[in-house]
Amino acid sequence: MLSRVTREHLAPTDAVPRAALWVLVPAALATVLGLVLLWPSGAGEAEDQGFGTEVEGHVISVHETECDPAQAPLSEQLQADRCGDVLVRLRSGPDAGTEALVDIPAGPGAVEVEAGQDVVLIYTPDSVSEQRYHIIDHERSSALWALVIAFAFAVVAFGRWKGLRSLVSLGMTFAVVLLFIVPAILDGRSPMPVAVIGAAAIMLVSLYVSHGWNRTSTVAVLGTLASLVLTGALAGGAVHLAHLNGVLDEETASLAMQYPIDMSGLLLAGILIGALGVIDDVTVSQAATVDEVAKANPKWGRSRLFRSGMRVGRDHLTSVINTLVLAYAGASLPLLVLIAAADRPLGQVLTSQTIATEIARSVVGTLGLIAAVPITTWLAAAVARREPPKPKAPKASKRPLPEPRTSEEAWDEEDSPYPPSHLR
């Protein structure tokens, strides 16, 4: 049986502290309960809104003709630059296996088709025109699958076992978003609770699947959880103070008219989920950094570990904030170009709901990110110094050791009747 001292020597340094379980277990139970209560019930039965059905087809040939001069009165944006017919072999839908003659797509953003390409068509059986099929887009599944396979191969080749676990984590994240968050919002659930429960599920599953059940992952989970709570509160305050309703463009306006969705709550949910992806990156990095520093410097206390981790966190935070703002700016680049072309005063541009929403999204996400660094660093420093105490060395005896004796002096006649010299 191992002694107490030996067990202390063999105690794992990456063990999850018991104090953390008092937070993790209730959070996990609350997440599971939220998933059960908010799980969508009828979102999967989508009703036909009269927009038609998408089918796939293969372009056999394209026949261009001169455009009708009667289009001259139309504006330049609406005039067709290509006119003619496209012969398409249908691969799905009620007329699969047959050929259909459709018009060449025209107008702003129209699809440019050539012979041999795969396309997506919209099928409208109740159309008042003679044509029931219209080309709306290219079919991209093959190209996307090739990109996904290349991405997965690169991740596994570089990360090996951890890379494979990160792919599993990514798949679970998509499952939570596509099977719970989106259907639950369409089913009429309040977007903010759905986003909170979904973000918690993503955080708990993805971090532990990617990094394993250890001290670093637990600190990252706790830091992410605290930062998300703060981010949600800040997002709610920003949306309320700026009077943002979440209706920003034609897509959100159409969504608000067709479904009973709280658009301001949907905006809050989007801010929270968007911030999660950046916050968990920072928390994992900070937890791992402090843990490695603690192992390399076992004599450092909590305060010194915290200061060292914060120096690394400031450098990481500077680059991540720039990345976050650039990500939002890149997603809104077409809108920024359109606003610049309108030549409106800068004050009107910044205070418009569309730009104000992006500013609020960037500021709230950045504040949550800033809070994540000291919270996670402090937790990591505190947990790193909760290791089992090392056994104390035995105290030296104060009595002087006896002088070494010769073999003759050490001989005891009770042990042997012959002295050592006689034995020799």
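Residues numbered from 1 in each chain as written. Predicted model: local features only at pLDDT ≥ 70, side-chain atom pairs only at ≥ 80, totals over all residues. Heavy atoms only, no water.

Visitor: Which parts of the structure should I look at to understand a positive patch on the surface?
Guide: A grouping of Arg304, Arg307, Arg311 and Arg314 is seen on the molecular surface, where their side chains present a positively charged patch. Following the sequence through the fold, Arg307 ends up in helix α8 (residues 302-331). (Patch = residues over 30% accessible without salt bridge, like charges linked within 9 Å, V, L, I, M, F, W, Y side chains within 5 Å. Areas by Shrake-Rupley, 256 points an atom, 1.4 Å probe, with all protein chains shown as cover. Salt bridge = Lys/Arg side-chain N within 4 Å of Asp/Glu carboxyl O. Lys, Arg positive; Asp, Glu negative; His and termini not counted. Charge placed at Lys NZ, Arg CZ, Asp CG, Glu CD. Helix = DSSP H or I, 4+ residues; strand = E, 2+ residues; numbered from the N terminus.)

Visitor: Honestly, the nonpolar core in this entry has me stumped. Any pointers?
Guide: What tends to happen in soluble globular proteins is that the nonpolar side chains get buried as a cluster. Grouped together as the largest cluster of nonpolar side chains are 61 residues, with contacts concentrated most on Phe180, Val194, Met203, Val221, Leu228, Leu305 and Leu369. Elements represented by at least two residues in this core include exactly α2 (18-38), α3 (141-186), α4 (191-211), α5 (215-242), α7 (263-296), α8 and α11 (353-384). Of the residues forming this core, the biggest block, 16 residues, is contributed by α7. Those residues in contact with Leu305 that lie beyond four places of it in its chain are Val290, Val293, Ala294, Trp300, Ala381, Ala384 and Arg385. Counting 15 residues, the second largest nonpolar core, distinct from the first, contains Val113, Leu121, Tyr133 and Ile135. (Core = buried A, V, L, I, M, F, W, Y, C linked by side-chain atoms within 4.5 Å. Buried < 20%, exposed > 50% of the residue type's maximum accessible area, 1.4 Å probe, protein only. Contact = heavy atoms within 4.5 Å.)

Visitor: Teacher, can you tell me more about unusual backbone geometry here?
Guide: With a phi angle near 55 degrees, Arg160 is a residue other than glycine that sits in the positive phi range. Examined against the element boundaries, Arg160 turns out to sit in helix α3. For Arg160, a relative accessible area of 67% corresponds to the exposed category. Positive phi values are uncommon outside glycine, yet His243 reaches one of about 55 degrees. Inspection of the secondary structure assignment puts His243 in the loop between α5 and α6 (250-258).

Visitor: What is the right way to look at α4 in this model?
Guide: For an α-helix, the turn length of 3.6 residues means that residues three or four places apart are oriented alike. Taking 1.5 Å as the rise per residue, α4 with 21 residues should run 30 Å; its terminal C-alpha atoms sit 29 Å apart, in good agreement. Most of α4 sits inside the fold, with 16 of its 21 residues counted as buried. Just downstream of α4, Gly212 is the residue with a positive phi angle, here 85 degrees. (Expected span 1.5 Å × (residues − 1).)

Visitor: Could you clarify how one ought to interpret the side chain of Asn214 in this entry?
Guide: When you line up the elements, Asn214 lands in the loop between α4 and α5. Of the residues examined, Asn214 reaches a relative accessible area of 19% and is grouped as buried. A polar atom in the side chain of Asn214 sits 3.2 Å from the backbone nitrogen of Thr216. (Polar contact = N/O pair within 3.5 Å; in protein donor to acceptor, adjacent residues only side chain to side chain.)

Visitor: Would you mind showing me how to read a nonpolar patch on the surface here?
Guide: Taken together, Trp39, Phe151, Leu170, Phe174, Leu178 and Leu179 make up a surface patch of nonpolar side chains, about 630 Å² in accessible area. By secondary structure assignment, the location of Leu170 is in helix α3. On the accessibility criterion, Leu170 (34% relative accessible area) is partly exposed.

Visitor: Honestly, the sheet that holds strand β4 (residues 118-123) in this entry has me stumped. Any pointers?
Guide: Backbone hydrogen bonds are what pair the strands of a sheet, in a parallel or an antiparallel way. If you trace the 5 strands from one edge of the open sheet to the other, you get β3-β2-β1-β4-β5, paired in antiparallel fashion. Both edges of this open sheet fall to β3 (99-103) and β5 (133-138), since each of them pairs with a single strand only. Averaged over all neighbouring strand pairs, the angle between strand axes comes to 45 degrees, with direction disregarded. (Pairing = 2+ DSSP bridges. Axes fitted to C-alpha atoms, helices over the stretch in contact; angles between N-to-C directions.)

Visitor: Would you mind showing me how to read the packing of aromatic side chains here?
Guide: Geometry of an aromatic ring pair is reported as the spacing of the ring centres plus the angle between the planes. Under the criterion given, the structure shown has 3 aromatic pairs. Taking 5.6 Å as the distance between ring centres and 25 degrees as the angle between the ring planes, the aromatic pair formed by Trp39 and Phe180 counts as stacked. With a gap of 141 residues between them, Trp39 in the loop between α2 and β1 (53-65) and Phe180 in helix α3 connect regions that are remote in the sequence. Residue class for Trp39 comes out partly exposed when judged on its relative accessible area of 44%. For Phe180, a relative accessible area of 1% puts it in the buried group. (Phe/Tyr/Trp six-rings, centres within 6.5 Å; stacked < 30°, edge-to-face > 60°.)

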